[in-house]
Amino acid sequence: MSLLTLSDVKISYGGIQAVKGINISVAEGELVTLIGANGAGKTTTLKAISGMLKPYTGRITYDGKEIAGKPAHEIAQMGLALVPEGRGVFPGLTIEENLLMGAYHRRDKVAIAQDIEVAYTRFPRLKERAKQTAGTLSGGEQQMLAISRALMSRPKMLLLDEPSMGLAPIMVQKIFEVVREVAAQGMTILLIEQNAKLALQVSHRAYVMDGGLVSFEGRSADLLHDPRVREAYLGEAA
Amino acid sequence: MDVFLQQLINGLTLGCVYAVVALGYTMVYGIIQLINFAHGEVVMIGAMVAFSVIVALNGSGVPPPLIVALGVLAAIPICMAVGYSVEKVAYRPLRNAPRLAPLITAIGVSIILQHVALLIWGRNYISFPQIIPNETYHLTSSATSATITNIQIAIIVLSIAMMVGLVLLVYKTRIGIAMRAVSQRPDVAGLMGISSNNVISFTFVIGAGLGAIAGVMIGSYYGIAHYQMGFMLGLKAFCAAVLGGIGNLAGAVLGGILIGLIEAFGAGYMGDLTNVCTLDKFLPGFTALCEANNNMAVFGSSYKDVFAFIVLILVLVFRPQGLLGERVADRA
Ligand SMILES: Nc1ncnc2c1ncn2[C@@H]1O[C@H](COP(=O)(O)OP(=O)(O)O)[C@@H](O)[C@H]1O
Ligand SMILES: [Mg+2]
């Protein structure tokens, strides 16, 4: 059964249409990726799903409920967590406080403390710096924090917007390891990536966006070998 | 040195009140970058409500300290309700408007609240009944010793307690962390399931609660209240917040206490410093003048209201971000 469905969603900034009618669905437990060139409308799509933008037409259903146009905090409370583009850590809050904010709508103090330990075990760097403000972290550490913070809400579904952006290769590897690990535990994930090859390797299915529209979709393994995708997005000759 | 010690105590008392009011400005500015000019009026309403309660219960047999406590307990929720409503009705619809719009609205709200108070409490100065006898303690055994009153002690102790309480709230509680999160990244705070509107309302309510207590303190200190008292008080507290670095809690406290001290010392020494008779040593010729009248001060203590603004201007010339503020360019 599909956990998230976008039907004919159109989103514009003022008069400029950034997303021109897309259909996307993600089934429970699936890891789906959304790839495409800069400016294709990927971030805009994730912002609409998470409630930061309101689509001007179309339906977004999550867990059987229409969520298009709902405020972001209500959508977050329904178990949909976004790791935003550029990580979006609270720079003046400590690592620990950032994690606590991830668990804002939870009341189970003991379990929250346990989940913080889980995050620290996954990323020991965060534990070392628990009392430092997030603004002092490197880009990679901030990404670890942003992902950990999103997981603190114990979401049903995780949306990731370019988690590898601007990171050193070793850091990218670490982040993708965690994405794999979380997916293997059964989390439903919608992943936006500029690193198309990596994204297609870890995901089950993929959508390719171009100019505000979905131009290809299919099983990731198939797209990896599709000559059109290889040429346009993997930087290889067909 | 008794004048010095006396002005130190007076300045500290006043400074504590300014600091508590300044915290209200700085909290709201920190979270939505709005200068809530109506905050001074919230303080005034606090003083007025407490005054009404004290007058109503005076002589009813209720013990005086309890009457004052009841006055404060009535002022707090009423001011909180005013702060909450002002934000919801006047500022929230303008959250995404150009910054000038909410600023002008704030000035409008301030005028409206003044006139509501005018209708309820009239245009005259109202004197607080002295239901708790003023006790004065001498600090040294000399005849000209500096003194401190029970009201001054109460103001200083209560203010420090409120400052400590606010810091604990903002740095140690879940809602306090959320307040800082909303102020840093309002867009991301929503993704955490935090309702920015609720957090902003909460900020106004807390600021107004502090303002209510400040109003009662200043009313009891001076013994009078007036529907326009919030204007100058609010302006000075706002200066204090800017002086310390607006948006910064420690800055508001530092700025408030500095403004209080500057004002007290200005009032205490300005007459002597600008007394032309003291110039006679350097510029002979004033002797004749001074024989006729021994105090020829150019500026007397009545200029004390000006000091806060002079200091503010000087500081802003050299440190636009205020004493403890970050440079605006450093803010995310
Ligand atoms: N805040 C904005 N205001 C106006 N146009 C925007 C805004 N954000 C993005 N756009 C435009 O919308 C289109 C899609 O952008 P975006 O969703 O960020 O693409 P992607 O994430 O795929 O790189 C681009 O043409 C971009 O210029
Ligand atoms: Mg993007």
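The structure we're discussing is the one just above.
If you're wondering where the values come from, they're calculated on a predicted model, not measured in any experiment. (Residues numbered from 1 in each chain as written. Chains lettered and ligands numbered in written order. Predicted model: local features only at pLDDT ≥ 70, side-chain atom pairs only at ≥ 80, totals over all residues. Heavy atoms only, no water.)

## Let's talk about the interface of chain A and chain B
Then, number 1: If you look at the interface, chain A gives 22 residues, while chain B gives 20 residues.
Then, number 2: Summed over both partners, the interface of chain A with chain B comes to about 1,900 Å²; 66% of that surface belongs to carbon and sulfur atoms.
Then, number 3: Contact with chain B buries surface across chain A, with Phe90, Met101 and Tyr104 of chain A losing the most and accounting together for 34% of the total.
Then, number 4: Here chain A and chain B share 1 salt bridge between them.
Then, number 5: Among the salt bridges present, the one from Glu97 of chain A reaches Arg180 of chain B, with a minimum N-O distance of 2.8 Å.
Then, number 6: Put simply, chain A and chain B have 5 residue pairs in polar contact (both at pLDDT 80 or more) between them.
Then, number 7: Sorting the residues of the side of chain A that touches chain B by element identifies α2 (72–77) and α3 (95–102) of chain A as the ones contributing at least two each.
Then, number 8: Tallied by class, the residues present in the side of chain A that touches chain B amount to 12 nonpolar, 7 polar and 3 charged. (Contact = heavy atoms within 4.5 Å. Buried area = accessible area lost by both parts, 1.4 Å probe. Salt bridge = Lys/Arg side-chain N within 4 Å of Asp/Glu carboxyl O. Polar contact = N/O pair within 3.5 Å; in protein donor to acceptor, adjacent residues only side chain to side chain. Helix = DSSP H or I, 4+ residues; strand = E, 2+ residues; numbered from the N terminus. Nonpolar A, V, L, I, M, F, W, Y, C, P; charged D, E, K, R; others polar.)

## A few points about the packing of helix α1 (residues 2–32) of chain B against helix α8 (residues 196–222) of chain B
Packed helix pairs are characterised by how far apart their axes lie and by the angle those axes make with each other.
Residue and element names in this part refer to chain B.
Then, number 1: At a minimum axis separation of 9 Å, α1 and α8 run at an interaxial angle of 165°. Considered as vectors, α1 and α8 are oriented roughly antiparallel to each other. The hand of the α1/α8 crossing is left-handed. Only Val199, Ile200, Thr203, Phe204, Ile206, Gly207, Leu210, Ala214, Met217, Ile218, Tyr221 and Tyr222 of α8 make contact with α1, whose side of the interface consists of Asn10, Thr13, Leu14, Val17, Val20, Val21, Leu23, Gly24, Met27, Val28, Ile31 and Ile32.
Then, number 2: When grouped by side-chain class, the residues that make up the contact of α1 with α8 number 19 nonpolar, 5 polar and no charged. (Axes fitted to C-alpha atoms, helices over the stretch in contact; angles between N-to-C directions. Parallel < 35°, antiparallel > 145°, perpendicular 65-115°, else oblique. Left-handed = near helix turned anticlockwise from the far one by under 90°.)

## A closer look at the site of ligand 1
All names here are of chain A.
Then, number 1: Close contacts around ligand 1 come from Tyr13, Ala18, Ala37, Asn38, Gly39, Ala40, Gly41, Lys42, Thr43 and Thr44, and that covers them all.
Then, number 2: Separating an oxygen atom of ligand 1 from a side-chain N or O atom of Asn38 is a distance of 3.5 Å.
Then, number 3: Here an oxygen atom of ligand 1 and a backbone polar atom of Gly39 are 2.7 Å apart.
Then, number 4: Taken by itself ligand 1 offers 560 Å² of open surface, and the protein chains cover 60% of this.
Then, number 5: Broken down by element, the residue count for the shell around ligand 1 peaks at 3 residues, all from helix α1 (residues 42–50).
Then, number 6: When grouped by side-chain class, the residues that make up the shell around ligand 1 number 4 nonpolar, 5 polar and 1 charged. (Near = heavy atom within 4 Å. Areas by Shrake-Rupley, 256 points an atom, 1.4 Å probe, with all protein chains shown as cover.)

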